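Overview (structure and organization)
Below, each chain spelled out in residue letters.
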Amino acid sequence: MQFKAGDVMVGINVEDGIYTLGFSGASGKTYLRKLICSYEAEGHEDMVEFTYDKKVSSDELINKISKLNTKVILLDRFDLYFDKKVLDVCSKVSRITLIDLKSDSLLITTKAKLAYVVRDNENSIEVRTW
Amino acid sequence: MKNTDFDRKVIEKIEQGKYQDEETYVDRFGRGLYCDCLSTTSKILILAKQDDGSHVFMVDELGSNGFDLLLECENASVYIENRLLEFGVDGEVMVNNEVYDTDDAVIVMAGGEV
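Below is a summary of the structure that appears in this document.

Analysis parameters
- Residues numbered from 1 in each chain as written.
- Chains lettered and ligands numbered in written order.
- Predicted model: local features only at pLDDT ≥ 70, side-chain atom pairs only at ≥ 80, totals over all residues.
- Heavy atoms only, no water.
- Pairing = 2+ DSSP bridges.
- Helix = DSSP H or I, 4+ residues; strand = E, 2+ residues; numbered from the N terminus.
- Buried < 20%, exposed > 50% of the residue type's maximum accessible area, 1.4 Å probe, protein only.
- Lys, Arg positive; Asp, Glu negative; His and termini not counted.
- Salt bridge = Lys/Arg side-chain N within 4 Å of Asp/Glu carboxyl O.
- Polar contact = N/O pair within 3.5 Å; in protein donor to acceptor, adjacent residues only side chain to side chain.
- Contact = heavy atoms within 4.5 Å.
- Phe/Tyr/Trp six-rings, centres within 6.5 Å; stacked < 30°, edge-to-face > 60°.
- Lys NZ or Arg CZ within 6 Å of the ring centre and 35° of its normal.
- Buried area = accessible area lost by both parts, 1.4 Å probe.
- Nonpolar A, V, L, I, M, F, W, Y, C, P; charged D, E, K, R; others polar.
- Patch = residues over 30% accessible without salt bridge, like charges linked within 9 Å, V, L, I, M, F, W, Y side chains within 5 Å.
- Areas by Shrake-Rupley, 256 points an atom, 1.4 Å probe, with all protein chains shown as cover.
- Axes fitted to C-alpha atoms, helices over the stretch in contact; angles between N-to-C directions.

Considerations on the pairing of strand β8 (residues 116–121) of chain A
- Across four bridges, the pairing between β8 of chain A and strand β9 (residues 124–128) of chain A is antiparallel. The residue of β9 of chain A that forms the bridge with Tyr116 of chain A is Arg128 of chain A.

With respect to the side chain of Asp100 of chain A
Residue and element names in this part refer to chain A.
- Examined against the element boundaries, Asp100 turns out to sit in the loop between β6 (94–99) and α4 (107–110).
- Despite being buried, Asp100 has no salt bridge partner; Arg77 is the closest side chain of opposite charge, sitting 4.7 Å away.
- Polar side-chain contacts of Asp100 include one of 3.2 Å to the backbone nitrogen of Arg77.
- In contact with Asp100, not counting residues within four places along its chain, are Lys29, Leu75, Asp76, Arg77, Phe78 and Asp79.

Let's talk about the packing of aromatic side chains
- Overall, the coordinates contain four aromatic pairs over all chains when judged by the stated rule.
- On the numbers, 5.4 Å between centres and 80 degrees between planes, the contact of Phe78 of chain A with Tyr81 of chain A is edge-to-face. Taken as a pair, Phe78 of chain A and Tyr81 of chain A share a single burial class, namely buried.
- Ring centres of Phe78 of chain A and Phe82 of chain A lie 5.2 Å apart, and the angle between their planes is 65 degrees; on these two criteria the pair is classed as edge-to-face.
- In this structure an aromatic cluster arises from ring pairing among Phe78, Tyr81 and Phe82 of chain A.
- Its guanidinium or amino end placed over the ring of Phe6 of chain B, Lys49 of chain B lies 5.0 Å from that ring's centre, counting from NZ or CZ.

Focus: the sheet that holds strand β2 (residues 24–26) of chain B
Residue and element names in this part refer to chain B.
- Across the sheet, three strands lie side by side as β1-β2-β3; this open sheet has antiparallel pairing. The open sheet has two edge strands, β1 (18–19) and β3 (32–34), and neither has a second partner.
- As judged from the three bridges shared by β2 and β3, these two strands associate in the antiparallel manner. Looking across to β3, one finds that Thr24 is bridged to Tyr34.

Details of the interface of chain B and chain A
- Counting from both sides, the interface comprises 16 residues of chain B and, opposite them, 14 residues of chain A.
- Between chain B and chain A, roughly 1300 Å² of surface is buried when both sides are summed, and carbon and sulfur atoms account for 40% of that area.
- Our enumeration of links across chain B and chain A arrives at two salt bridges.
- Across the pair Glu122 of chain A and Arg31 of chain B runs a salt bridge whose closest N-O atoms are separated by 3.3 Å.
- The interface formed by chain B and chain A contains six residue pairs in polar contact (both at pLDDT 80 or more).
- Here the side of chain B that touches chain A is built from residues that sort into three nonpolar, seven polar and six charged.

Points about a nonpolar patch on the surface
Residues and elements named next belong to chain B.
- Taken together, the side chains of Val56, Met58 and Tyr79 make up a nonpolar region of the molecular surface, amounting to roughly 300 Å² of accessible area.
- Note that Met58 resides in strand β4 (residues 56–58).
- What makes Met58 partly exposed here is its relative accessible area of 36%.

A few points about the sheet that holds strand β7 (residues 113–114) of chain A
Residue and element names in this part refer to chain A.
- Here five strands make up an open sheet; going across it, the order is β4-β5-β6-β3-β7 and the pairing parallel. Among the strands making up the open sheet, the edge pair consists of β4 (47–50) and β7.
- In the packing of helix α3 (residues 84–93) onto the sheet, the strands contacted are β3 (17–20), β5 (70–75) and β6, and the crossing angle to β6 comes to about 140 degrees.

This is the structure in structure tokens:
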């Protein structure tokens, strides 16, 4: 799955499922979220991102997600507003759910697989498993 | 950012870039960026190094590639959740399943120094 945000080609090259994006700093997680945000702002509905500063409750978030028919949902800093119900809804409405967690304590609960953000050059960013 | 060996090391190790001046750095692709584009891990490390112990830094917020540099922040107070922490022999500590030497760090648990 690929899309272009500005000059940057974004590839979400993982199979359907729930993934966490690793725990290494400066890998590009925040950058990826910003790219999806700008892509969304252009009116596309197949990629969606949420982060903690949007200040929505779990029920509001579920309500928003439930209306979507999307391919990828990115939940940035999900450890700060973690709710298993949100993840369950994401799995139903989206093919791929990417969650950014700052620690591994929620990995068992989320049953997320590990994926990595890879930046091979300035104009591309990719999510993939090894 | 300051023009110090530590801040330069943070930019080189975490960002894989180069320090340019107090406000900018060059990223791994050779692009000049303002320091607000630094990763959370780099921001924590740079602030922790300058801290006088008056703030507490949560290890949870730090990327796994930044902990060895955090141990060089001799004046910073760092909060590590119990579940992330195990003690080994010879001053080693295991955080998030990685082993670190704590010669330069003082670890305090429940009010008592270890």
